[in-house]
Amino acid sequence: MAKIRITYTKTKKLSYISSQDMILVFSRAFERAQMPVAINKDLEADIVLSDPALIGIDSTCDICDVNLKENYETGYIIKCLNSVLPNGIVVLSVEPLNISSKPIDEAMYAVVYEIVPEYAKLGQMNNKEFADLRMWYKNKLQEYMSKPELNVLVKSSTRNERINIKPAIIDYEIQLNDGITVTVSNKTDYIFSPYYIMDGFLEYIDSSMPYTIRKVKVLYR
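Note that the structure is predicted; figures quoted are calculated from it, not measured.

Colleague: Explain the overall build of the protein to me, please; I cannot follow it from the model alone.
Modeller: Regarding its fold elements, the protein presents 5 helices and 10 strands. Dimensions of the protein, computed from C-alpha atoms along their principal axes, come out at roughly 60 × 35 × 30 Å. Taking all 221 residues of the protein together, the buried fraction comes to 44%. Considering only contacts in the protein between residues 6 or more positions apart, those separated by 24 or more positions represent 74%. With the model as given, the accessible surface of the protein reaches about 12300 Å², and the carbon-plus-sulfur share is 50%. Across the protein, the centroid of the 26 positively charged side chains sits 2 Å from that of the 28 negatively charged ones.

Colleague: Is there a simple way to think about helix α5 (residues 195-205) in this case?
Modeller: An α-helical turn contains 3.6 residues, so a residue and the one three or four places further along point in the same direction. Within α5 the residues assigned to the buried category are Y196, I197, M198, G200, F201, L202 and I205. Considering only its buried residues, α5 is in contact with β5 (108-117), α4 (127-145), β6 (151-155), β9 (180-185) and β10 (211-220).

Colleague: What exactly am I supposed to notice about the packing of aromatic side chains here?
Modeller: We describe a pair of aromatic rings using the distance from one ring centre to the other and the angle between the two ring planes. Under the defined criterion, the tally for this structure stands at 9 aromatic pairs. The interplanar angle of 20° and the centroid separation of 6.2 Å between the aromatic rings of Y72 and Y76 together place this pair among those described as stacked. By relative accessible area, Y72 is classed as partly exposed at 22%. What makes Y76 partly exposed here is its relative accessible area of 41%. Ring centres 6.0 Å apart and planes at 85° place the aromatic pair Y119 and Y137 in the edge-to-face group. Residue Y119 is located in the loop between β5 and α4, and its partner Y137 is located in helix α4; the two are separated by 18 residues in the primary sequence. For Y119, a relative accessible area of 9% translates into the label buried. Residue Y137 is classed as buried on the basis of its relative accessible area, which comes to 0%. Of note, R5 hangs over the ring of Y220, and the distance from its end group to the ring centre comes to 4.9 Å.

Colleague: Which parts of the structure should I look at to understand the side chain of K3?
Modeller: Residue placement: K3 occurs in strand β1 (residues 2-10). Buried charge K3 goes without a salt bridge, the closest partner of opposite sign being D65 at 4.6 Å. Within the structure, K3 has its side chain in polar contact with the backbone oxygen of S101 (distance 2.7 Å). Once residues lying within four places of it in the same chain are set aside, the contact partners of K3 are D65, V66, N67, E95, P96, L97, N98, I99, S101, K102 and P103.

Colleague: In this structure, what is going on with empty space enclosed by the protein? I would like to understand it.
Modeller: If you roll a probe as big as a water molecule over the atoms, it shows you where there is empty space left. Going through the model one piece at a time under the given rule, you end up with 1 cavity of 30 Å³ or more. Roughly 120 Å³ of internal volume is contained in the largest cavity. Residue lining of the largest cavity: 16 residues in total, with K10, P52, A53, D62 and K215 positioned closest to the centre. When residues of the lining of the largest cavity are traced back to their parent elements, those giving at least two are β1, α1 (19-32) and β3 (58-68).

Colleague: In this structure, what is going on with unusual backbone geometry? I would like to understand it.
Modeller: Negative phi characterises most residues that are not glycine, and trans characterises most peptide bonds. The phi torsion at K12 lies on the positive side, around 60°, for a residue other than glycine. Inspection of the secondary structure puts K12 in the loop between β1 and α1. By relative accessible area, K12 is classed as exposed at 53%. Residue D206 is not a glycine yet carries a positive backbone phi of 50°.

Colleague: For this particular structure, what's the right way to read helix α2 (residues 74-84)?
Modeller: Of all the positions in α2, only I77, C80, L81 and V84 are classed as buried. In a view along the axis of α2, the buried residues occupy a sector of 95°, so they form one face of it. Opposite the buried face of α2, at more than 90 degrees from it, the exposed residues are K79 and S83. Residues of α2 that are buried sit in contact with β1, α1, β3 and β4 (89-97). Its side-chain oxygen placed 2.9 Å from the backbone nitrogen of G75, E73 serves as the N-cap of α2.

Rules behind the numbers
- Residues numbered from 1 in each chain as written.
- Predicted model: local features only at pLDDT ≥ 70, side-chain atom pairs only at ≥ 80, totals over all residues.
- Heavy atoms only, no water.
- Helix = DSSP H or I, 4+ residues; strand = E, 2+ residues; numbered from the N terminus.
- Buried < 20%, exposed > 50% of the residue type's maximum accessible area, 1.4 Å probe, protein only.
- Contact = heavy atoms within 4.5 Å.
- Areas by Shrake-Rupley, 256 points an atom, 1.4 Å probe, with all protein chains shown as cover.
- Lys, Arg positive; Asp, Glu negative; His and termini not counted.
- Charge placed at Lys NZ, Arg CZ, Asp CG, Glu CD.
- Phe/Tyr/Trp six-rings, centres within 6.5 Å; stacked < 30°, edge-to-face > 60°.
- Lys NZ or Arg CZ within 6 Å of the ring centre and 35° of its normal.
- Salt bridge = Lys/Arg side-chain N within 4 Å of Asp/Glu carboxyl O.
- Polar contact = N/O pair within 3.5 Å; in protein donor to acceptor, adjacent residues only side chain to side chain.
- 1 Å grid on protein atoms, 1.4 Å probe; cavity = no way out; pocket = protein on both sides within 12 Å on 5 of 7 lines; lining within 4 Å.
- Points joined across faces, edges and corners; volume = space filled by probe spheres on them.
- Arc of directions from axis to C-beta.

Structure (structure tokens):
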């Protein structure tokens, strides 16, 4: 048996599939590549994802651990998988692991998201208007993120409640492109969504701003 850790992208339409479907995609890809996956105690393919899929968010850093029945060279695994995986999923790297290594869902401790405003979608502006908007946006974002509490309205099918998301935020940095990278702990009693950050911020400024979100890094020990 051989244990490997795969880092891969998940973009385009594939960003909308669930964690269970993602496991199925990899299981079928290994089958088509003729590299059989070991079966776990639940009689399912022994594939472990780093964290639950957040629907609709592109990722350049998703990770999964796979137990294979046999050893294969990492370059061969990458080549074979990328030849059979659907458009939107690309294997970036494969790392061999000790069979006793802690699974990625236990080893990870944080996720880094990049949130970027899309000024172009706001319509045409002259240079001064654009410069003023950028300065206002950056100042307000810094002001909001510096607050001691970030109480965000979270809606579910059963109830609405306000959650203070500040304890989940390990670090953040506002970038030169006015985007913000936010490092978020996964050790919370709820599934953190990066949309919570912008939901709270847009409520704070009482305005709207189109933006994109990408998952750019998974941190683990």
